[in-house]
Amino acid sequence: MKRKILVIHNGYPLYGDGGDKIRTLNMLQSLDSIGFDVCFLAFYKKNFSLVSVNRKNIPLNIKSYFVFTLPDRWGLGGIAAWFRAVITWVIVKLNHIELIQLETSLSASCVRYLKKDIFVITDFHADPVPELQMNGRSKSSIERAEKDICYALSRSQQIIVVSNNLANNLKKYYSYDCSFSILPCSFNGGKFRIDSAQTLALREKMNLKDRIVLCYLGGLQKWQCVEETLDLFLRLKEKDNRYFFCIYTNDDLTPFTPKIDLLGNDCLCMSLQYEQVPLYLSIIDAGFVLRHNSLVNINASPTKIAEYMAVGAMVIATKYSGDAQTLVEDSGYGMILDEIENIPSEVVDELDMKIHSYKENKVNASAIIKDYVFKNRLWYANEIKLKSLYSNI
């Protein structure tokens, strides 16, 4: 008989296809494939009109419960947590659940009324506390998140993390004794198998055949260091006029207009639909993921890095850019900067040299990068680790 597992995600995002949501859906599919009888409990806080659409995205043989929960603000946090814990207790009883997997530490309080003999694993997508602090959230919100983390770590027999940095920092700031497994963020491999003829045709169409194309993909929030990325590109541009910069974002570029104007016709700014991203990324030679020294950045496993590598591009990052250093070192291509402010001229020279070396050897280098990331950053690699983790339980 199949063992019964309940996956719980408090704050499940009904709108969009962000990283948290995709990771949870991948987990459900993998646990089902491994051989569990899977139930899914999603507590959502808004966009209730999208429940039916989201329910259809859950594999047919997985029993799902979508339950509205009050927000953890306006003094409602205690009542909301009590309600979620009661609902969880009822569902565990009705379905004779043996195992619990919590998606994010924010789901920890859901299991507080369950018997201690029910095995719990928590999948830490991140440490939410530094992000709450960065966003100026209230002291009570931060304290609640800290309590959730501490409870998740004490209640869990094992934990899953997205990076080794996150595992180390959870140990440093909260402490835990259980073992951990690293399941990094993955990318959608099917969408990134681009026909090289399409790439060449697009480069020709955009008059980029002989250019060195660098790229920034993503949002334009301050912590994403777009200003610093533009500054570094301008310094590279001084060394070789063939450099061309693509900025793919759906955010407002107005604050960066003065520097973008300096690039003239050597810059392309585009808003892309998700389906367009792989093809337009395929024309680039290198992608930027520059980050400052912040736990939010250090603990991360940015999908963006894997997506750059999925098109064979080299990655330019800082040592604070999540697990970028591991990917760059293991693949053999890219460059990790110590800092992004006051970068010495010799470091810019080294970066310029590495980009040119990659460009001259692009056919071989690109193939090596793609081979590495498709072997190590597709969800399938995580499913193998997940199967090993649960085989010992």
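For the structure, check the block above.
Fair warning: this is a prediction, and the values are worked out from it, not measured in the lab.

Cut-offs and rules
- Residues numbered from 1 in each chain as written.
- Predicted model: local features only at pLDDT ≥ 70, side-chain atom pairs only at ≥ 80, totals over all residues.
- Heavy atoms only, no water.
- Helix = DSSP H or I, 4+ residues; strand = E, 2+ residues; numbered from the N terminus.
- Rg over C-alpha atoms; globule rule 2.2 N^0.38 Å.
- Buried < 20%, exposed > 50% of the residue type's maximum accessible area, 1.4 Å probe, protein only.
- Contact = heavy atoms within 4.5 Å.
- Areas by Shrake-Rupley, 256 points an atom, 1.4 Å probe, with all protein chains shown as cover.
- Axes fitted to C-alpha atoms, helices over the stretch in contact; angles between N-to-C directions.
- Parallel < 35°, antiparallel > 145°, perpendicular 65-115°, else oblique.
- Left-handed = near helix turned anticlockwise from the far one by under 90°.
- Nonpolar A, V, L, I, M, F, W, Y, C, P; charged D, E, K, R; others polar.
- 1 Å grid on protein atoms, 1.4 Å probe; cavity = no way out; pocket = protein on both sides within 12 Å on 5 of 7 lines; lining within 4 Å.
- Points joined across faces, edges and corners; volume = space filled by probe spheres on them.
- Pairing = 2+ DSSP bridges.
- Right-handed = clockwise from strand over helix to strand, strands pointing away.
- Core = buried A, V, L, I, M, F, W, Y, C linked by side-chain atoms within 4.5 Å.
- Salt bridge = Lys/Arg side-chain N within 4 Å of Asp/Glu carboxyl O.

### Topic: the overall build of the protein chain
Piece 1. Tallying secondary structure elements over the protein chain gives 16 helices and 13 strands in all.
Piece 2. The C-alpha atoms of the protein chain give 22 Å as radius of gyration, which agrees with the globular expectation for 393 residues (21 Å, within 12%).
Piece 3. Evaluated residue by residue, the protein chain yields a buried proportion of 53% over its 393 residues.
Piece 4. Partitioning the intrachain contacts of the protein chain with sequence separation of at least 6 by distance along the chain shows that 70% fall at a separation of at least 24.
Piece 5. Per element, the accessible surface of the protein chain, about 18,400 Å² overall, is 52% carbon and sulfur.

### Some thoughts on the packing of helix H1 (residues 19-34) against helix H16 (residues 379-391)
Piece 1. In the contact formed by H1 and H16, the axes pass within 10 Å of each other and the chain directions differ by 55°. Judged on the interaxial angle alone, H16 and H1 are oblique. Considering the relative orientation of H1 and H16, their crossing is right-handed. Residues Arg23, Asn26, Met27, Ser30, Leu31, Ser33 and Ile34 of H1 form the contact with H16, whose participating residues are Trp379, Glu383, Leu386, Lys387 and Tyr390.
Piece 2. In the contact of H1 with H16, the residues fall into six nonpolar, three polar and three charged.

### Focus on helix H12 (residues 303-310)
Piece 1. Counting buried residues in H12 gives seven out of eight residues, a clear majority hidden from the surface.
Piece 2. Check the buried side of H12 and you find it contacts strand E8 (212-217), helix H10 (277-281), strand E11 (286-289), strand E12 (314-318), helix H13 (324-331) and helix H15 (362-376).
Piece 3. Where H12 terminates, the next one or two residues include Gly312, which has phi positive at roughly 85°.

### Regarding the layout of surface pockets
Piece 1. One number sums up the size of the second largest pocket: a volume of about 450 Å³.
Piece 2. Forming the boundary of the second largest pocket are 18 residues, of which Thr199, Leu200, Arg203, Ser282 and Lys362 lie nearest the centre.
Piece 3. Those elements that place two or more of their residues in the lining of the second largest pocket are helix H7 (196-205) and H15.
Piece 4. Per-element accounting of the lining of the second largest pocket gives the leading share, five residues, to H7.
Piece 5. In terms of residue class, the lining of the second largest pocket is made up of seven nonpolar, four polar and seven charged.

### Examining the pairing of strand E10 (residues 267-270)
Piece 1. Here strand E9 (residues 243-248) runs beside E10; their pairing, made up of four bridges, is parallel. Following the sheet pairing, Cys246 is matched in E10 by Leu268.
Piece 2. After leaving E9, the chain enters helix H9 (residues 257-262) and then returns to the sheet as E10, a path that is right-handed.

### A look at the pairing of strand E3 (residues 63-68)
Piece 1. Of the strand pairs in this sheet, strand E2 (residues 37-44) and E3 are connected by six bridges, and their pairing is parallel. For Phe40, the partnering residue across the bridge sits in E3 and is Ser64.
Piece 2. Crossover E2 to E3 through helix H2 (residues 51-56) is right-handed.

### Comments concerning the nonpolar core
Soluble, globular proteins show a tendency: their nonpolar side chains are buried together.
Piece 1. Core analysis: the largest hydrophobic core is formed by 69 residues, its most contacted members being Leu214, Phe245, Tyr248, Leu281, Ile284 and Ile355.
Piece 2. When near neighbours in sequence (up to four residues on either side) are disregarded, Leu214 contacts Phe233, Leu236, Tyr243, Phe244, Phe245, Cys246, Ala286, Phe288 and Ile355.
Piece 3. In terms of nonpolar packing, the next biggest core, distinct from the first, is built from 34 residues, Val92, Ile149, Ile159 and Cys178 among them.

### Focus: the pattern of salt bridges
Piece 1. A complete count under the given rule lists 15 salt bridges for this structure.
Piece 2. Here Arg203 and Asp285 are joined by a salt bridge, their closest N and O atoms 3.7 Å apart. One end of the pair, Arg203, is in helix H7; the other, Asp285, is in the loop between H10 and E11, and 82 residues separate them in sequence. Of the two residues, Arg203 and Asp285, neither departs from the other in class, the shared state being buried.
Piece 3. A single salt-bridge network, built from bridges that share partners, covers Arg203, Asp285, Lys359 and Lys362.

### Structural notes on the sheet that holds strand E7 (residues 179-182)
Two modes of strand pairing occur in sheets, parallel and antiparallel, and in both the strands are linked by backbone hydrogen bonds.
Piece 1. Spatial ordering of the open sheet is given by E3-E2-E1-E4-E5-E6-E7, a layout of seven strands whose pairing is parallel. Of all strands in the sheet, those with a lone pairing partner are E3 and E7, marking the two edges. Neighbouring strand axes in the sheet, compared pairwise and without regard to direction, differ in orientation by 20° on average.
Piece 2. Contacting strand E1 (4-10), E2, E3 and strand E4 (99-103), helix H3 (residues 77-95) crosses the sheet at an angle of about 160° to E2.

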